[in-house]
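Descriptive structure summary
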Amino acid sequence: MDTPPLHKKARHSLIRVFSRAIWDTDLIASRVTLALGEFSWAVMLLWPGDSFTRPTYTHMAMIMNEELWGVIFLVSCITQMSIVLMDDLYSNFSKYFAGWNAALWGYTVISMLLSVYPPPAAIGGEIALAFSAGWIWIRPYLLVEGYQKYVHRIQR
Amino acid sequence: MSTEFKDSQIQNRRSADHMPSGHTPTLIDVWTLLTEIRDRLDALERNFDTITTAFPIDDLKKPDYAGHRRQHVEITKGDELMDGYKHDATKQIIVIIVTFVIGLIASGFVTKIAGLLK
């Protein structure tokens, strides 16, 4: 039997490892990290002082004041940790919450990127968290609906 | 005669294997051997009954061996399809990420060149 060339083996190995990382892991660590991020945001925003005078938060300040944003992040953190601690990862509530959480982080990141130029380097962590939140939301739909469409396509 | 033998005792009690060569078997030897065979058969039948409880009962009121095998084949096919789907989706995600990164680098490069040419 011919062994595949090295670059094909490397490519197959890369796809296999990446596939395992994104599909075959539970996302509990991501949820806990998101909860920690939301808690940090809540603490920083509820800290005495006016953070929203900085240009980075211009868009967020147009929506509501920083205390309200702090409360939103705090509620999100508590809800996220409750989902993890009660092992309620697959209910309808946690699916809807994941959608809300993805929207919250997505808006936060995009608003900061649009508020200043060049983009602030410090939001690298927030960008990663926004992708994590988006993946937590979208993965179940890809595994069910996306898989069904794939099977129909294969069987045609 | 009691049928309450532990299977390990039955397995270890192979008197026929311990008969010295040249020994002419007596009636007692034959009786012992037959008893062992009976006990081992009982143990086999008990094990078989235990194994068949793992199979659902079909419309003929018999263990559904064929259905069990078919279900395993279907599960294996389903797993392979799912692995194929995850593999294809992962490739598409990698392509998107690489395209985005190349686009980012290229846009920075173009901006730099444009700045130099001004």
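Further up the page is the structure itself.
Keep in mind the model is a prediction, meaning the values are calculated, not measured.

Moving on, we get to the nonpolar core. Counting residues in each nonpolar core, the largest one holds 25 residues, and the members touching the most others are Trp41, Met60, Trp69, Phe73 and Trp105 of chain A. Elements that contribute at least two residues to this core include exactly α1 (6-23), α2 (28-46), α4 (66-85), α5 (92-115) and α6 (124-155) of chain A. The element that contributes the greatest number of residues to this core is α5 of chain A, accounting for six residues. Discounting chain neighbours no more than four positions away, the residues touching phenylalanine 73 of chain A are Glu38, Trp41, Ala42, Leu45, Met60, Leu104, Trp105 and Thr108 of chain A. Counting residues in each nonpolar core, the second largest holds five residues, with Tyr147 and Val151 of chain A together with Met82 and Tyr85 of chain B among its members.

Another aspect to go through is the packing of α5 of chain A against α6 of chain A. All names here are of chain A. Running from amino to carboxyl end, α5 crosses α6 at an angle of 150°, the nearest separation of the two axes being 8 Å. Between α5 and α6, the interaxial angle falls into the category roughly antiparallel. As for how α5 packs across α6, the hand of that crossing is left-handed. Residues Lys95, Ala98, Gly99, Asn101, Ala102, Trp105, Gly106, Val109 and Met112 of α5 lie in contact with α6, whose contacting residues are Glu126, Ile127, Leu129, Ala130, Ala133, Gly134, Ile136, Trp137 and Tyr141. Residues that form the contact of α5 with α6 fall into these classes: 12 nonpolar, four polar and two charged.

Residue and element names in this part refer to chain A. Note on placement: valine 71 falls in helix α4. Residue classification places valine 71 among the partly exposed residues on the basis of a relative accessible area of 41%. Distance from valine 71 to arginine 156, taken between C-alpha atoms, is 51 Å for residues 85 residues apart in sequence.

Here we take up the interface of chain A and chain B. Taken residue by residue, the interface counts 15 residues in chain A and 14 residues in chain B. Here chain A packs against chain B, burying approximately 1,400 Å² in sum over the two surfaces, 75% of which is carbon and sulfur. When the buried area of chain A at its contact with chain B is split by residue, Ile15, Tyr147 and Tyr150 of chain A rank highest and sum to 40% of it. Summed over the shared surface of chain A and chain B, the result is one salt bridge. Notably, a salt bridge pairs aspartate 24 of chain A with lysine 86 of chain B, separated by 2.9 Å at the nearest N-O pair. Every element with two or more residues in the side of chain A that touches chain B is listed here: α1 and α6 of chain A. Per-element accounting of the side of chain A that touches chain B gives the leading share, eight residues, to α6 of chain A.

With that settled, the discussion passes to the packing of α1 of chain A against helix α3 (residues 65-117) of chain B. Direction vectors running N to C along α1 of chain A and α3 of chain B enclose 100°, while the axes themselves pass 9 Å from each other. Overall, the two elements α1 of chain A and α3 of chain B adopt an arrangement that is roughly perpendicular. Residues His12, Ile15, Phe18, Ser19, Ile22 and Trp23 of chain A of α1 of chain A form the contact with α3 of chain B, whose own contacting residues are Lys86, His87, Ala89, Thr90, Lys91, Ile93, Ile94 and Ile97 of chain B. For the contact of α1 of chain A with α3 of chain B, the residue count by class is eight nonpolar, four polar and two charged.

Residue and element names in this part refer to chain A. Mapped onto the elements, arginine 31 comes out in helix α2. It turns out arginine 31 is buried and unbridged, and the closest side chain with the opposite charge, aspartate 26, is 8.3 Å from it. Engagement of the side chain of arginine 31 in a polar contact is seen with the side chain of glutamine 80, the distance being 3.0 Å. Not counting the four nearest positions on each side in its chain, arginine 31 is found in contact with Gln80, Ile83, Val84, Leu89 and Ile136.

Before going further, it helps to examine α2 of chain A. Relative to the 27 Å expected for 19 residues at 1.5 Å per residue, α2 of chain A spans 27 Å between its end C-alpha atoms, a close match to the ideal helical length. Where α2 of chain A is buried, its residues touch α3 (58-63), α4, α5 and α6 of chain A.

Cis rather than trans, the peptide bond between tyrosine 117 of chain A and proline 118 of chain A has omega equal to 0°. Even without glycine at this site, aspartate 87 of chain A takes up a positive phi of about 55°. Mapping aspartate 87 of chain A onto the fold places it in the loop between α4 and α5. A positive phi angle, near 60°, is found at lysine 61 of chain B, a position not held by glycine. Relative to the helices and strands, lysine 61 of chain B is located in the loop between α2 (27-52) and α3.

So, how was this worked out
Residues numbered from 1 in each chain as written. Chains lettered and ligands numbered in written order. Predicted model: local features only at pLDDT ≥ 70, side-chain atom pairs only at ≥ 80, totals over all residues. Heavy atoms only, no water. Core = buried A, V, L, I, M, F, W, Y, C linked by side-chain atoms within 4.5 Å. Buried < 20%, exposed > 50% of the residue type's maximum accessible area, 1.4 Å probe, protein only. Helix = DSSP H or I, 4+ residues; strand = E, 2+ residues; numbered from the N terminus. Contact = heavy atoms within 4.5 Å. Axes fitted to C-alpha atoms, helices over the stretch in contact; angles between N-to-C directions. Parallel < 35°, antiparallel > 145°, perpendicular 65-115°, else oblique. Left-handed = near helix turned anticlockwise from the far one by under 90°. Nonpolar A, V, L, I, M, F, W, Y, C, P; charged D, E, K, R; others polar. Buried area = accessible area lost by both parts, 1.4 Å probe. Salt bridge = Lys/Arg side-chain N within 4 Å of Asp/Glu carboxyl O. Lys, Arg positive; Asp, Glu negative; His and termini not counted. Polar contact = N/O pair within 3.5 Å; in protein donor to acceptor, adjacent residues only side chain to side chain. Expected span 1.5 Å × (residues − 1).

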